[in-house]
Amino acid sequence: MDFRYEVVMPNEGLPFRMFIFEGKDGNYRVTKHWHQSVELFLVLEGTIGFYINSRYFSLSEQDFVIVNANEIHSIDCPDPNLTIVLQIPAEAFENYREEAPYINFGRGSEEARARLVELVTDMFQAYEEKKYGYLLRVKGEFYQLLYLLVTEFKEEKLDAEVVRRRRQLDKLSQVTAFMKSHYREDIRLEEVADRFGFSPTYLSRIFQKYAQVNYRTYLIDLRVKYAVRELINTDREIGDIAMDHGFPDGRAFAKAFKKRYGCLPSVYRKNLAGQGIQSK
C-alpha cells in the first residue's frame with residue numbers, strides 16, 4: 001500500500017524530473033497519491049490504465065495524460081509498456097496563474113497534442129543519448145514545452161469544487177511532509193493536529209477523504225516504506241531495522257509488513273536474495 005504525498009526530486013542539472021515509468025514490465029499498480037508538481041505520462045509502447053480523481057483513462061501508444069497539481073491519481077498496468085514520465089515543479093508556472101489560486105491544464109487541440117508528444121520524445125531521447133551539450137538541448141525543449149502548456153493547454157476557469165479540493169490537499173500536504181520527517185517518532189494524531197491548527201476530528205476526516213486511509217494507517221505505511229528500503233539494501237538485523245523506523249519491536253514490524261506484502265520480512269529478504277538482488 002502506498003497512499004502518500006509524493007515529494008518530487010528533479011534530475012541532476014535539470015529543473016524537472018524525467019524517467020521511464022517503473023511499471024514497464026507490467027503486473028504493476030501505483031495506488032492513490034498526489035503531489036504539487038504537474039505530471040505527464042506519455043506512452044510509447046503498450047498500454048496503461050490511469051485514474052485521476054476516480055476518472056478512468058486508457059492510454060495506448062502515443063497517448064498521454066496530464067496530472068495537475070494536487071490531483072489524486074493511481075495507475076494500473078497489467079501489461080508491459082514503455083512510458084515516459086515528466087514531473088514539473090509547480091513553481092515553473094508561478095507567473096502564469098494570474099489571479100487564480102491554481103493553474104490547470106486540459107486536453108488541448110490535436111495539433112498541440114502532437115507537438116507535445118514530439119517535444120517530450122525528443123527531450124527524453126536527448127537525455128538518454130547524452131551527447132555533447134545535451135543539457136542545453138533538453139532545457140531548451142523543456143521551455144518550449146512550458147510555453148506550449150500555458151498557451152495551448154491552460155484552462156481559463158477552475159471549478160469551485162476543484163479549488164476547494166486542492167486547498168484541502170495543500171493543507172494535508174503540509175501534514176504529510178511533517179510526518180515524513182518525523183515518522184520514527186511517536187507522533188500522535190492529536191499532537192499533529194494541534195501543530196497545524198486543526199482539530200483531531202478535522203484532520204482525521206481529511207485523511208480519510210483524500211488519502212483514503214486513517215492517520216494511523218498512513219503513519220504505519222510510511223514506517224514500512226522506509227524500513228523496506230533498509231531491509232533490501234542492508235544486512236542489518238530485522239529487529240534493529242524495525243526499531244530504527246518507529247516500530248516498538250520486530251514483531252510489530254512483521255505484522256505490519258505481512259499485511260502489506262503478504263509475507264514476513266525475513267521471507268521477503270530471502271526471496272530477493274534468491275532472485276540475485278544483492279544488498280548495497
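Residues numbered from 1 in each chain as written. Predicted model: local features only at pLDDT ≥ 70, side-chain atom pairs only at ≥ 80, totals over all residues. Heavy atoms only, no water.

Draft legend 1. Broad picture of the sheet that holds strand β4 (residues 38–46). Judged by pairing direction, the sheet is antiparallel, and its four strands sit side by side in the order β2-β9-β4-β7 without closing on themselves. Every interior strand has two partners, whereas the edge strands, β2 (17–20) and β7 (64–67), have only one. This sheet shows a mean twist of 15° between the axes of neighbouring strands, independent of strand direction. Bridge count between β2 and strand β9 (residues 81–88): four bridges; the pairing is antiparallel. Residue Phe19 lies in a different strand from β9, and its bridge partner there is Val85. Where helix α1 (residues 110–129) meets the sheet, it contacts β2, β4, β7 and β9, and its direction lies at approximately 85° from that of β4. In this fold helix α2 (residues 134–153) packs onto β2, β7 and β9, with an angle of close to 80° to the strand it touches most, β9. (Pairing = 2+ DSSP bridges. Helix = DSSP H or I, 4+ residues; strand = E, 2+ residues; numbered from the N terminus. Axes fitted to C-alpha atoms, helices over the stretch in contact; angles between N-to-C directions. Contact = heavy atoms within 4.5 Å.)

Draft legend 2. Highlighting the UniProt feature "domain: HTH araC/xylS-type" (unreviewed entry) in the protein. Residues given the UniProt feature "domain: HTH araC/xylS-type" (unreviewed entry) here are residues 173–271. The span residues 173–271 is 75% helical and 0% strand by assignment, and the distance between its end C-alpha atoms comes to 35 Å. (UniProt positions renumbered as here; feature names shortened; annotations may be inferred.)

Draft legend 3. The layout of surface pockets, seen in detail. Here the second largest pocket defines a volume of roughly 460 Å³. Lining of the second largest pocket is provided by 21 residues; of these, Ile52, Arg55, Phe57, Ile66 and Phe105 occupy positions nearest its centre. For the lining of the second largest pocket, the secondary structure elements donating two or more residues are β6 (55–59), β7 and α3 (160–182). Counting residues per element, the lining of the second largest pocket draws most heavily on β6, which supplies four residues. Residue classes in the lining of the second largest pocket are distributed as eight nonpolar, five polar and eight charged. (1 Å grid on protein atoms, 1.4 Å probe; cavity = no way out; pocket = protein on both sides within 12 Å on 5 of 7 lines; lining within 4 Å. Points joined across faces, edges and corners; volume = space filled by probe spheres on them. Nonpolar A, V, L, I, M, F, W, Y, C, P; charged D, E, K, R; others polar.)

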